[in-house]
Amino acid sequence: MLLGMAQLFSKNGLSIPVMLTEQINDTSDYPDVVEFLQPVKLEGTLKNENETFVFEAKGNTEVNLRCDRCLAPVRKELCFEIKERFAHTGRGNEETETFSGDQIDLADFVRRGILCALPMKVLCSDHCKGLCPVCGKNLNEGLCECDTTYIDPRFESLRTLFNVDEEV
């Protein structure tokens, strides 16, 4: 996503609306985590404040994520914000990002916004039963015939601690 800056140069105080849309096809930054269902949309403003360019925008997209328990696809809308300050190379400080030329590539800032907006835990439903630890069957689709009563001998002493009967 490229943001054109030429119309703001030498126009202190000028603010312009920004509306950008881009389809993300390369998901190498989100391996096996995200599938984009809609283009990423950004809507905001770009303002010249004494040759420091302030970009504030809200973005959204719709993605497929994987349920953390059963790996089923889960459709989610992601909303994120970008607030950045830019200055020409040589004029920047620790609070501003630098750029050269008359365009800013927003790809890294959009990527960061999307990654921060991803939920820590994704569930297809609150009652998701997950996968069988023995055979891997999705337990939401029915029970399997696996014996899950085996307890690792290293944890057997914990059974007495919790006063758990032999029948589980």
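Calculation rules
Counting starts from 1 at the beginning of each chain's written sequence and moves along it residue by residue. Totals for whole chains, interfaces and linings use every residue, but because this is a predicted model, local features are given only for residues with pLDDT of at least 70 and side-chain atom pairs only at 80 or more, for both listing and counting. Side-chain measures were taken over the full set of non-hydrogen atoms in the model, leaving aside hydrogen atoms and water. Numbering of helices and strands starts at the N terminus; helices are DSSP runs of H or I of at least 4 residues and strands are runs of E of at least 2. Using a 1.4 Å probe on the protein chains alone, a residue whose accessible area is under 20% of its type maximum counts as buried, one over 50% counts as exposed, and one in between counts as partly exposed. Throughout, a contact is declared for two residues whenever any of their heavy atoms are within 4.5 Å. For accessible areas, the Shrake-Rupley method is used with a probe of radius 1.4 Å. Any residue's cover is judged against the shown protein chains and nothing else. Note that patches include only residues with greater than 30% relative accessible area and no salt bridge, and the join distances are 9 Å for like charges and 5 Å for nonpolar side chains (Val, Leu, Ile, Met, Phe, Trp, Tyr). Take a side-chain nitrogen of Lys or Arg and a carboxyl oxygen of Asp or Glu: if they are within 4 Å of each other, that pair is a salt bridge. In this description, a nonpolar core means a group of buried Ala, Val, Leu, Ile, Met, Phe, Trp, Tyr and Cys residues linked to one another through side-chain atoms lying within 4.5 Å. When DSSP finds two or more bridges between a pair of strands, those strands are recorded as paired. Any Phe, Tyr or Trp ring, taking Trp's six-membered ring, that has another such ring centre within 6.5 Å forms a pair; planes under 30 degrees apart are called stacked, those over 60 apart edge-to-face, and the others tilted.

Engineer: What is the right way to read the overall build of the protein chain from this model?
Structural biologist: Summing up its helical and strand segments, the protein chain has two helices and eight strands in all. Listed by position from the N terminus, the elements making up the protein chain come as β-β-β-β-β-β-β-β-α-α. A buried classification covers 32% of the 168 residues belonging to the protein chain. Put simply, 55% of the contacts in the protein chain that link residues at least 6 apart link residues at least 24 apart. Accessible surface computed for the protein chain: about 11,300 Å², of which carbon and sulfur atoms make up 48%.

Engineer: Explain a nonpolar patch on the surface to me, please; I cannot follow it from the model alone.
Structural biologist: On the surface, F155, L158, L161 and F162 cluster together into a nonpolar patch covering about 450 Å² of accessible area. Along the polypeptide, L161 turns up in helix α2 (residues 156-161).

Engineer: Would you mind going over the nonpolar core with me for this structure?
Structural biologist: Within soluble globular proteins, side chains that are nonpolar generally end up buried alongside one another. Formed by 33 residues in total, the largest nonpolar core has its most connected members in L42, L46, F55, L106 and V110. Elements that contribute at least two residues to this core include exactly β2 (15-22), β4 (40-49), β5 (52-66), β6 (73-88) and α1 (107-117). Residues in contact with L106, not counting those within four places in the same chain, are M1, L3, L20, L42, F55 and F86.

Engineer: Where do I start with the pattern of salt bridges in this structure?
Structural biologist: For side chains of opposite charge, pairing can occur when their charged atoms come near one another. This model, assessed by the stated rule, comprises five salt bridges. A salt bridge links E49 to R85, with the nearest nitrogen and oxygen atoms 3.6 Å apart. Of the two residues, E49 sits in strand β4 while R85 sits in strand β6, which places them 36 residues apart along the sequence. Taking the relative accessible area as the measure of exposure, E49 reaches 31% and is therefore partly exposed.

Engineer: Teacher, can you tell me more about the pairing of β6 here?
Structural biologist: A regular strand carries its side chains on alternate faces of the sheet. Relative to β6, β5 runs antiparallel, the two sharing 14 bridges. Pairing of N60 across the sheet is with C79, part of β6. Taken together, β5 and the strand that follows it, β6, pair antiparallel across an intervening segment of six residues, in which L71 is found at a positive phi of about 70°.

Engineer: Would you take a moment to explain the packing of aromatic side chains for this structure?
Structural biologist: Geometrically, a pair of aromatic rings is defined through the distance of the ring centres and the angle of the planes. Applying the stated criterion to the full structure yields one aromatic pair. For the pair F86 and F109, a centre-to-centre distance of 5.3 Å together with 90° between the ring planes defines the contact as edge-to-face. Remark: F109 occurs in helix α1 and F86 occurs in strand β6; sequence separation between them is 23 residues. No difference in accessibility class separates F86 from F109, as the two residues are buried.

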